[in-house]
Amino acid sequence: MVDRPNKPSALAATPGLQPQAQVTISDGSSRVTAVLPTGESVEILLFGATVLSWKDASGDEKLWLSEGAKLDGTKAVRGGIPLVFPVFGTAPDHEATSKLPQHGFARNSRWEFLGKSETSSNSVKLDFGLSSENLDDAARQLWPYKFGLLYSVTLAPESLSTALVVTNEGDVPFECQTLLHTYFKIKDIASVQVTGLEDSPFHDKVDGVKDKTQSSDPITFSGETDRVYTPVKGPGHPVIITDGGVEKFRVVRDNLDDVVVWNPWVDKAAGMGDFQPKDGWKNMVCVEAGAVSSWQKLEKGDAFEGAQTIYLH
Ligand SMILES: O=P(O)(O)OC[C@H]1O[C@H](O)[C@H](O)[C@@H](O)[C@@H]1O
């Protein structure tokens, strides 16, 4: 199933031949890297199918990755795009998922690389799979449902898309939540604004108040921020991250009704062993597209699909 590295640079330089996206498997098959003919790149760790890096054509990194992140499979990755499934946070009151660790098991499981497809002459889609059969016994006992996950990461010159399809492959219905926990790299959190969530209801996880409403102003940051928004404008309306007055990222969701906005600030960052450097909170903001404020119920054979596309500029 795995595409072996080819030599696209030679191909691209040959007149008359279509340029091809290059996909390489590196580090003893623990990572997959794709590079477009125009230079943009993406790197995914099979542990968690975590996107670790997304660079534009000039090599400029778009995602924040902690210098202390564990990349050896001992802990979920602190940074990039960890994938949350089947529970967001912990859910002590939801019996079926109550025993699972924070944010579930998908970010702590080793996924399979299913291969690549070119979606145009200058874009590439990488597919990853995880199913109940791939789980270790401990995880399978905590969540004994038969499921299939297909995660597709599509790199194009000005965008990155991540799409998840969840399928119930067993006879027993299950309920799940999912979230794309994107850590955006930014210059200075004090100059960041997030727009697109105006007038929207949110659950403030810092003080625990569930029924707040965002004002008609953009979100700005001056302390720990941890909020679960259900934007009034719906998934197709972009959430925009502006850094120092410049529009940096535009997040468009598909079938994901919620957006979590998180910055740990000084004390929470100090309390996370894998958060490095300690003042790294100044250079990151998480804007996380998900379906987390309710549960998706999947009957036998049902599928749920949710996706985000992040555009630059
Ligand atoms: O430390 P983690 O388990 O990776 O979670 C990191 C963060 O994820 C989300 O943004 C939650 O809303 C936060 O409450 C949580 O602190």
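Residues numbered from 1 in each chain as written. Predicted model: local features only at pLDDT ≥ 70, side-chain atom pairs only at ≥ 80, totals over all residues. Heavy atoms only, no water.

1. Some words on the overall build of the chain
Okay, so step 1: Check the secondary structure of the chain and you find three helices and 20 strands.
Okay, so step 2: Here the C-alpha radius of gyration of the chain, 19 Å, is about what a compact globule of 313 residues would show, namely 20 Å.
Okay, so step 3: In terms of principal-axis extent, the alpha carbons of the chain reach across some 60 × 50 × 35 Å.
Okay, so step 4: Expressed as a percentage of the 313 residues in the chain, the buried residues total 52%.
Okay, so step 5: Of the contacts formed within the chain by residues at least 6 apart in sequence, a portion of 62% connects residues at least 24 apart.
Okay, so step 6: Between the averaged position of the 30 positive side-chain charges in the chain and that of its 42 negative side-chain charges there is a distance of 4 Å. (Helix = DSSP H or I, 4+ residues; strand = E, 2+ residues; numbered from the N terminus. Rg over C-alpha atoms; globule rule 2.2 N^0.38 Å. Buried < 20%, exposed > 50% of the residue type's maximum accessible area, 1.4 Å probe, protein only. Contact = heavy atoms within 4.5 Å. Lys, Arg positive; Asp, Glu negative; His and termini not counted. Charge placed at Lys NZ, Arg CZ, Asp CG, Glu CD.)

2. A few points about the UniProt feature "active site" (unreviewed entry) in the chain
Okay, so step 1: Mapped onto the present numbering, the UniProt feature "active site" (unreviewed entry) falls on His-181 and Glu-288. Separation in sequence by 108 residues is not matched in space for these annotated residues, since their most distant C-alpha atoms are only 4.7 Å apart. Of the annotated positions mentioned, His-181 and Glu-288 line the largest pocket.
Okay, so step 2: Looking at the element boundaries, His-181 is found in the loop between strand E10 (174–180) and strand E11 (183–185).
Okay, so step 3: In this structure His-181 comes out as buried when scored by relative accessible area, which is 7%. (UniProt positions renumbered as here; feature names shortened; annotations may be inferred. 1 Å grid on protein atoms, 1.4 Å probe; cavity = no way out; pocket = protein on both sides within 12 Å on 5 of 7 lines; lining within 4 Å.)

3. A short note on the UniProt feature "binding site: substrate" (unreviewed entry) in the chain
Okay, so step 1: UniProt's entry tags Arg-78, Gln-102 and Arg-107 with the feature "binding site: substrate" (unreviewed entry), counted in the numbering of this structure. Spanning 30 residues, the named residues nonetheless gather at one spot, since no C-alpha pair among them exceeds 13.4 Å. Restricting the annotated residues just mentioned to those that line the largest pocket leaves Arg-78, Gln-102 and Arg-107.
Okay, so step 2: Tracing the sequence through the fold places Arg-107 in the loop between strand E5 (83–84) and strand E6 (112–120).
Okay, so step 3: Apart from the residues within four sequence positions on either side, Arg-107 is in contact with Phe-47, Gly-48, Ala-76, Pro-82, Leu-83 and Gln-102.
Okay, so step 4: A polar contact is formed between the side chain of Arg-107 and the backbone oxygen of Gln-102, at a distance of 3.2 Å. (Polar contact = N/O pair within 3.5 Å; in protein donor to acceptor, adjacent residues only side chain to side chain.)

4. Digging into the sheet that holds strand E7 (residues 123–131)
Okay, so step 1: Read across the sheet, eight strands follow the order E6-E7-E8-E9-E20-E17-E16-E12 without closing on themselves; strand pairing throughout is antiparallel. Of all the strands in the sheet, just E6 and strand E12 (192–195) have a single pairing partner and so form its edges. Between one strand axis and the next, the sheet turns through 15 degrees on average, direction left out of account. (Pairing = 2+ DSSP bridges. Axes fitted to C-alpha atoms, helices over the stretch in contact; angles between N-to-C directions.)

5. Quick notes on the nonpolar core
Okay, so step 1: Among the nonpolar cores identified, the biggest contains 77 residues, and Trp-111, Leu-126, Phe-128 and Tyr-151 are the most heavily contacted of them.
Okay, so step 2: At seven residues, strand E19 (residues 284–298) tops the list of elements feeding residues into this core.
Okay, so step 3: Here Tyr-151 is in contact with Ala-49, Val-51, Ile-81, Leu-83, Trp-111, Leu-126, Asp-127, Phe-128, Thr-162, Ala-163, Leu-164 and Leu-180, once residues within four sequence places are set aside.
Okay, so step 4: One finds Val-84, Leu-179, Val-228 and Val-260 within the second-largest nonpolar core, a separate group that totals six residues. (Core = buried A, V, L, I, M, F, W, Y, C linked by side-chain atoms within 4.5 Å.)

6. Considerations on the pattern of salt bridges
Okay, so step 1: In total, this model carries 14 salt bridges according to the counting rule given.
Okay, so step 2: With a shortest N-O distance of 3.3 Å, Lys-75 and Asp-274 are connected by a salt bridge. In this pair, Lys-75 sits in the loop between strand E4 (50–55) and E5 while Asp-274 sits in the loop between helix H3 (265–271) and E19, placing the two residues 199 residues apart along the sequence.
Okay, so step 3: Under the relative-accessibility criterion, Asp-274 is labelled buried at 4%.
Okay, so step 4: Across the pair Asp-127 and Lys-125 runs a salt bridge, and its minimum N-O distance is 3.2 Å.
Okay, so step 5: With relative accessibility at 24%, the residue Lys-125 sits in the partly exposed group. (Salt bridge = Lys/Arg side-chain N within 4 Å of Asp/Glu carboxyl O.)

7. Brief notes about the sheet that holds strand E2 (residues 31–35)
Okay, so step 1: Spatial strand order, E1-E2-E3-E4: four strands in an open sheet with antiparallel pairing. Looking at which strands have only one partner, the edges of the open sheet turn out to be strand E1 (22–26) and E4. Adjacent strand axes in the sheet meet at a mean angle of 15 degrees when their direction is disregarded.
Okay, so step 2: With five bridges joining them, strand E3 (residues 41–45) and E4 adopt antiparallel strand pairing. Bridge assignment links Leu-45 to a residue of E4, and that residue is Thr-50.

8. Description of empty space enclosed by the protein
Okay, so step 1: Inspection of the entire model under this criterion finds one cavity of 30 Å³ or more.
Okay, so step 2: Roughly 50 Å³ of volume is contained in the largest cavity.
Okay, so step 3: Considering the residues around the largest cavity, the lining is formed by Leu-83, Leu-164, Val-166, Thr-178, Leu-179, Leu-180, Leu-256, Ala-289, Gly-290, Phe-304 and Gly-306.
Okay, so step 4: Broken down by secondary-structure element, the contributors of at least two residues to the lining of the largest cavity are strand E9 (159–168), E10, E19 and strand E20 (303–312).
Okay, so step 5: Of the residues assigned to the lining of the largest cavity, the class counts are eight nonpolar, three polar and no charged. (Points joined across faces, edges and corners; volume = space filled by probe spheres on them. Nonpolar A, V, L, I, M, F, W, Y, C, P; charged D, E, K, R; others polar.)

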